[in-house]
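The residues making up each chain are set out below.
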Amino acid sequence: MAREQGRKLIAQNKKARHDYHIEDTYEAGLVLQGTEVKSLRMGRASLVDGFVDIDGHEAWLHGVHIPEYSQGTWTNHAARRKRKLLLNRVEIDKIERRVNEKGLTVVPLSLYFKDGRAKVEIALAKGKKSWDKRAALAERQANRETEQAVGRRLKGMRD
C-alpha cells in the first residue's frame, strides 16, 4: 500500500482565531488509539472546546471530540478523553514558561494528517475582549467593501 503524501485537513477551529490573538503556533503529534485514527480518517472531529494543559513536563490535549468509530467493538475509545501531545522538551518548556509568565492559553487550531501521521496545530493565544472582536469584524468588512469597489472600478462598472 502506498504511503500518504501531503496534508489532509480533518478539522479546523475557526472560533479560536475569532476569540483569541494568536501569538505563536506549534505543530505537535498525537498519541492515538486505533479506532481514533479510523474515525479521523472518516473526517470526524471537533476542536471547539479543546485546550492544551502542561502537566508534569508533558503536554495534554483536553476537550477535543473524536466520535467513536462506527465499526468498532469493545476496543472503541472514549470520545472526549485527554490525549498526549508529542512535542520536543524545549518546546514544552517554552510553552509552559510563557503560559505561566504572561497568562496565555494554548488552543488547538487545526487537526490534520501529514504524510500519514495525525498532527495538531496548537497556538499560544491571548483572549480578545468583546470590543476587539467588533473592531476586527468592522475592519474586515471595510476591507471587503474596498476590494469590491476596486473590482467594480477595474471592470468598468459604476459605483
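Thresholds applied
Residues numbered from 1 in each chain as written. Predicted model: local features only at pLDDT ≥ 70, side-chain atom pairs only at ≥ 80, totals over all residues. Heavy atoms only, no water. Helix = DSSP H or I, 4+ residues; strand = E, 2+ residues; numbered from the N terminus. Rg over C-alpha atoms; globule rule 2.2 N^0.38 Å. Buried < 20%, exposed > 50% of the residue type's maximum accessible area, 1.4 Å probe, protein only. Contact = heavy atoms within 4.5 Å. Areas by Shrake-Rupley, 256 points an atom, 1.4 Å probe, with all protein chains shown as cover. Domains from an automatic or database assignment. Buried area = accessible area lost by both parts, 1.4 Å probe. Salt bridge = Lys/Arg side-chain N within 4 Å of Asp/Glu carboxyl O. Nonpolar A, V, L, I, M, F, W, Y, C, P; charged D, E, K, R; others polar. Arc of directions from axis to C-beta. Pairing = 2+ DSSP bridges. Axes fitted to C-alpha atoms, helices over the stretch in contact; angles between N-to-C directions. Expected span 1.5 Å × (residues − 1).

Asker: Describe in detail the overall build of the protein chain, supporting the description with residues and values.
Answerer: When its secondary structure is counted, the protein chain shows four helices and seven strands. For the protein chain, the succession of helices and strands along the chain, N to C, is β-α-β-α-β-β-β-α-β-β-α. Computed over C-alpha atoms, the radius of gyration of the protein chain comes to 20 Å, more than 25% over the 15 Å expected from 2.2 N^0.38 for 159 residues, which places it beyond the range of a compact globule. Its C-alpha atoms put the protein chain at 65 × 45 × 25 Å along the principal axes. Per-residue burial over the protein chain gives 32% buried out of 159 residues. Long-range pairs, those at least 24 residues apart, make up 69% of the contacts in the protein chain with a sequence separation of at least 6. Here the protein chain displays about 10,300 Å² of accessible surface, and carbon together with sulfur accounts for 49% of that area.

Asker: So what's going on with the domain arrangement of the protein chain? Which residues, and what values?
Answerer: Looking at the assigned domains, one finds that the protein chain contains domain 1 (7-128) and domain 2 (129-158). The straight-line distance from the C-alpha centre of domain 1 to that of domain 2 is 33 Å. Interface area for domain 1 against domain 2, summed over the two sides, is near 430 Å², with a carbon-plus-sulfur share of 56%. At the junction of domain 1 and domain 2, the tally comes to zero salt bridges. Split into classes, the residues belonging to the side of domain 1 that touches domain 2 amount to no nonpolar, three polar and two charged.

Asker: Before we move on, could you go through helix α2 (residues 34-41) and cite the residues and values that matter?
Answerer: Residue pairs three or four apart in sequence face the same way in an α-helix, which turns once every 3.6 residues. For α2, every residue scored as buried is listed here: Thr35, Glu36, Ser39 and Leu40. Projected down its long axis, α2 shows its buried positions confined to an angular sector of 140 degrees, all on one face. On its buried face, α2 is in contact with β1 (7-12), β5 (83-86), β6 (105-114) and β7 (117-127). Following α2 by one or two positions, Gly43 adopts a phi angle in the positive range, close to 85 degrees.

Asker: Can you explain the sheet that holds strand β2 (residues 20-30)? Please cite residues and give values.
Answerer: Across the sheet, which stays open at both edges, the seven strands sit in the order β1-β6-β7-β2-β5-β4-β3 with antiparallel pairing between neighbours. Only two strands of the sheet have a single neighbouring strand rather than two, namely β1 and β3 (51-54). Averaged over all pairs of adjacent strands, the angle between strand axes in this sheet comes to 40 degrees, irrespective of strand direction. Here β1 pairs with β6 via five bridges, running antiparallel. Paired with Gln12 across the two strands is Ser110, which belongs to β6. Along the sheet, α2 contacts β1, β5, β6 and β7; its crossing angle with β6, the most-contacted strand, is approximately 75 degrees. In the packing of helix α3 (residues 89-102) onto the sheet, the strands contacted are β2, β3, β4 (59-62), β6 and β7, and the crossing angle to β2 comes to about 150 degrees.

Asker: Which residues make up the pairing of β6, and what are the values?
Answerer: It is a general feature of regular strands that their side chains alternate between the two faces of the sheet. Within β6, eight of the 10 residues are buried, which leaves the element mostly enclosed by the surrounding structure. The pairing of β6 with β7 spans nine bridges and is antiparallel. Among the inter-strand pairings, Phe113 is bridged to a residue of β7, identified as Ala118. Once β6 ends, the chain turns through two residues before running back antiparallel as β7, passing Asp115 with a positive phi of about 55 degrees.

Asker: Which residues make up helix α4 (residues 130-155), and what values do they have?
Answerer: Across its 26 residues, α4 extends 38 Å between first and last C-alpha, which sits within 8% of the 38 Å expected from 1.5 Å per residue. Immediately beyond the C-terminal end of α4, within one or two residues, lies Gly156, with a positive phi of roughly 90 degrees.

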